[in-house]
Amino acid sequence: MPTECSDYLPAEIEPHWQNFWERNQTFSAENSSEKAKYYALDMFPYPSGSGLHIGHPEGYTATDILCRFKWANGFNVLHPMGWDAFGLPAEQYAIKTGTHPALTTRQNVENFRKQIKKIGFAYDWEREINTTSPDYYKWTQWIFLQMFKHGLAYVDEKPVWWCDTLKAVLANEEVVDGKSEVGGHPVERRNLRQVVLRITAYAEKLLNGLEGLDWPDSTKRMQTAWIGRSEGAEIDFVIDQHPDEKLRIFTTRPDTLFGATYMVIAPEHPLVEKLCTEDHKDAVKAYQDAASKKSDLDRTDLAKEKSGEFTGAYAINPVNGTRIPIWIADYVLISYGTGAIMAVPAHDERDFEFAEQFSLPITSVVEPKPQKSTADSPRLPYSGKGILINSENYTGLSSDDAKQKIVADLAQKGSAEATVNFKLRDWIFSRQRYWGEPIPMVWVSRPDFERALDTHDSDLKAYLPGEAVTSIVDGELKYALPVLPQHLPLNLPETESYQPSGTGESPLATIDSWLRVKINLKTGAICAANDPSANSPDWVSAVRETNTMPQWAGSCWYHLRYMDPKNSDAMVGPKAEQIWQTPDIYIGGAEHAVLHLLYARFWHHFLFDIGVLSQPEPYKRLFHQGIILGEDGQKMSKSRGNVVNPDDIVRDFGADALRLYEMFLGPLEAMKPWSTQSIQGMVRFLKKVWTEIIDTETGRVKAKISDSARTDPETAKILHQTIKTVTEDIEGLRFNTAISQLMVCINRFQKAEGYATPDAERFVQLLAPFAPHICEELWERLGNQPSVSKAKWPEFDPSKLVEDSMKIVFQVNGKTRNVVSVSKEITKDTILDMAKKDPKILPHLSGQTIRREIYVPGKLVNFVAN
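Heads up: these notes are all about the structure in this document. (Residues numbered from 1 in each chain as written. Predicted model: local features only at pLDDT ≥ 70, side-chain atom pairs only at ≥ 80, totals over all residues. Heavy atoms only, no water.)

### Concerning the overall build of the chain
Phase 1 of the analysis: Counting its regular elements, the chain contains 27 helices and 35 strands.
Phase 2 of the analysis: The dimensions of the chain, computed from C-alpha atoms along their principal axes, are 110 × 90 × 50 Å.
Phase 3 of the analysis: The long-range fraction of contacts in the chain, counting pairs at least 24 apart against all pairs at least 6 apart in sequence, stands at 72%.
Phase 4 of the analysis: For the chain, the accessible surface area stands at approximately 37,400 Å², while carbon and sulfur atoms represent 48% of it. (Helix = DSSP H or I, 4+ residues; strand = E, 2+ residues; numbered from the N terminus. Contact = heavy atoms within 4.5 Å. Areas by Shrake-Rupley, 256 points an atom, 1.4 Å probe, with all protein chains shown as cover.)

In structure tokens form, the structure reads like this:
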């Protein structure tokens, strides 16, 4: 114990036990399958320079309570922590200050680790990982190579967000209201060469896999919507002025083809320039420029006023041969479907608003049922199914029948094909930055690539996909070769400048000594371009891929590395994967409900498919903790000045008080405002616990607590009710109600004249997952060996909860006059006699004669008198 202090002093108690846990590696997971396992995973933090804020500990405390509970129940627990440390903020800081991002990242990690340890989380620090460590990203690169090998990686020109001020490409999530999240600078769409992963190849698996997951329904709905499976048809519209060109559209409603009165293509559609007539070019170009500055969310907002430009071109409707105008409009996205739609304004809200705004024809072709008169026609736009009208030979068919027949008829002409479409787009996997994992590819000329294919006993051949990956590099067509696993990790080069190239390429493109290399076509070995030893014909010139991976890459598989973090031969060994399999619970913010979780599921499914993993899904159970708001009820931010630093709270009130307060604020999933003043209530509760067990004059356990003391029935009942409630509430993540019950229990202990030492110990064990420092101290002072976390969890005794008394209602002439508590063993004669003498009954019997005595056992006594 830290001292023989008699008062509750968190500043002395908490560091002592934190040092004890670290010194004894109390929370190290066992690489053994003898016990049942429990693996709790936190969404690991990005270690920013500003350190933790008060919202971070909420989810961490929840998993910590669960883990301490599971240890006490005999589980082999894995509770790890690490750092998601690549990304734009560190690179931007390096650009501004000239400080290497590795240095700032290291400093930030050290600060975060120190802050987390102050709160007393039971992490296995021997398993700490960092996505920026070459020992870690070696395996991130290895996973990419497997995808490259299996044809899931390719290179393409893709529209991306370009910020001219930052001289960098930004991900969608880094653009807010048309400006960069970092700095608030203007952004625009620009086509750049990108490395892309075929996540669409896993669309069906990702959709079907959601069904068996214990996840919030809202998160599963969001992922389902993001994947966006829809059945329909791809239909070709011939361009009137360009009969050799076809505009392919995807529609889920081919039954409405006769109502298509215009076409809309995305401003980025590759046919825009060709279709646009001379008199419309200037207006179309201006519209394209304006659209390039809008986010996809802005463009598809149903509430916004519709905008567009006529291209001057017309398409031919394949079902009736009518000429319909082709417009460009930003409510159509190049990333969805084919980037073109047939507009049916009578049966689609966005098309209807657009047609009304630009006075385009609106033709109704589906009605819910045969109408008696035009007055009964449905209000437009009508988007439901029904019976076809105004559709030539298809009039009178149901929507479902018409869909099939129209598609079948057009398919015979070669104009349509039934298909399944997904809203999900392939994952742009590259960033034009320095501070990220280098992508393990090099580019060679076509003759050298063909030599690699023809070389006997070539290690490279085993990693080449069926279809070559090509791109324009250095102004000519080049072919991708992999950096083989035995040559990983491919480390980031040391450099003093992190300034963007200004061309849209990564800063790595400016480091010529790293960029220009030679590769051995037989072994895959890579060396500097001027290495004199690389002079055999097997060595050829190559250019490294300069894009780096997105921050998502390292977080896609970190849950696997925690299982086996020191393994230099595999990302996770078979034994470790067999022991831990996947996390039993994953707790983190709902802001990652789609992208991170979807990407991680994609990688996990792929690794399962190639036999690396034994299960297809990474996270069995997912829980989103709510946001802790500032004291002003607003989201915490530096600009509002409402950020609360947990270091200050720990200093002023103690870590146990912080942990308890965050869990007591309300349901874990709810949004809750912080109140520094209210945390005082938790301090008072902890002091009450301390002074109930410890004599503040001697520092020893109070005399009322002893092995020989008898716990009275009411106190025992409340204690065992508390054991039952806290156990169930921890399992159900109802931490606020568990704490409430602990408060009820300590209040009862205070009223008791005395109670047995084992009962005091049981209470300490129940409180320990929530407030571990004070409970370690109390546990030891009660005469036990630390740690309380490893002591067997108490079990409630059902017999202690059985009531030995009952409530009886006393009535006169059917009116209740009193309710009393009596023994269940009481006899009828005794209870009737007690009722007659009851002070509240006597006045109503005075001067009356009891005509009848009614006794309903266990319920009531009623005297009929007059």
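There is more to say after this.
### Section: the sheet that holds strand β5 (residues 153-163)
Phase 1 of the analysis: Read across the sheet, four strands follow the order β6-β5-β9-β19 without closing on themselves; strand pairing throughout is antiparallel. Either end of the sheet is taken by a strand with one partner, and the two such strands are β6 (168-170) and β19 (427-428).
Phase 2 of the analysis: Alignment of β5 against strand β9 (residues 188-197), held across 10 bridges, turns out to be antiparallel. Directly across from Tyr 154, in β9, lies its bridge partner Val 196. (Pairing = 2+ DSSP bridges.)

### Some details on the pattern of salt bridges
Phase 1 of the analysis: Tallied over the full model, the rule gives 41 salt bridges.
Phase 2 of the analysis: Across the salt bridge formed by Glu 731 and Lys 70, the nearest N and O atoms sit 3.6 Å from each other. One end of the pair, Glu 731, is in helix α22 (residues 713-731); the other, Lys 70, is in helix α2 (residues 56-72), and 661 residues separate them in sequence.
Phase 3 of the analysis: Here Glu 731 falls in the partly exposed class, since its relative accessible area comes to 36%.
Phase 4 of the analysis: Classification of Lys 70 as buried rests on a relative accessible area of 9%.
Phase 5 of the analysis: The residue Arg 651 makes a salt bridge to Asp 648 at a minimum N-O spacing of 3.2 Å. Pair noted here: Arg 651 and Asp 648 are both in helix α19 (residues 646-653), with a separation of three residues, about one helical turn.
Phase 6 of the analysis: A relative accessible area of 57% means that Arg 651 is categorised as exposed.
Phase 7 of the analysis: Relative accessible area serves as the criterion here: at 33%, Asp 648 is assigned to the partly exposed category.
Phase 8 of the analysis: Salt bridges sharing partners connect three or more residues here, namely Asp 64, Arg 68 and Arg 659. (Salt bridge = Lys/Arg side-chain N within 4 Å of Asp/Glu carboxyl O. Buried < 20%, exposed > 50% of the residue type's maximum accessible area, 1.4 Å probe, protein only.)

### A few points about the environment of Phe 144
Phase 1 of the analysis: Tracing the backbone through its elements, the reader meets Phe 144 in helix α5 (residues 134-149).
Phase 2 of the analysis: For Phe 144, a relative accessible area of 1% corresponds to the buried category.

### Remarks on the side chain of His 773
Phase 1 of the analysis: You can see His 773 is positioned in helix α25 (residues 772-781).
Phase 2 of the analysis: Residues contacting His 773, with those up to four places away along its chain left out, are Ile 13, Glu 14, Trp 17, Gln 18, Trp 21, Ile 119, Gly 120, Ala 655 and Asp 656.

### Observations concerning the nonpolar core
Phase 1 of the analysis: Among the nonpolar cores identified, the biggest contains 188 residues, and Trp 603 and Phe 770 are the most heavily contacted of them.
Phase 2 of the analysis: If you look at the next biggest cluster of nonpolar residues, it comprises 49 residues, including Ile 239, Ile 265, Ala 266 and Val 344. (Core = buried A, V, L, I, M, F, W, Y, C linked by side-chain atoms within 4.5 Å.)

### Topic: the packing of aromatic side chains
Phase 1 of the analysis: The tally for this structure, following the rule as stated, stands at 40 aromatic pairs.
Phase 2 of the analysis: Between the aromatic rings of Phe 27 and Trp 71, the centroid separation amounts to 5.0 Å while the plane-to-plane angle is 45°, which identifies the pairing as tilted. Separated by 44 residues along the polypeptide, Phe 27 in the loop between α1 (10-24) and β1 (37-42) and Trp 71 in helix α2 bring together distant segments of the chain.
Phase 3 of the analysis: Residue Phe 27 is classed as buried on the basis of its relative accessible area, which comes to 4%.
Phase 4 of the analysis: Look at Trp 71 and you get buried, because its relative accessible area is 7%.
Phase 5 of the analysis: Aromatic side chains Phe 310 and Tyr 314 sit 5.6 Å apart centroid to centroid with 75° between the ring planes, which places their arrangement in the edge-to-face category. (Phe/Tyr/Trp six-rings, centres within 6.5 Å; stacked < 30°, edge-to-face > 60°.)

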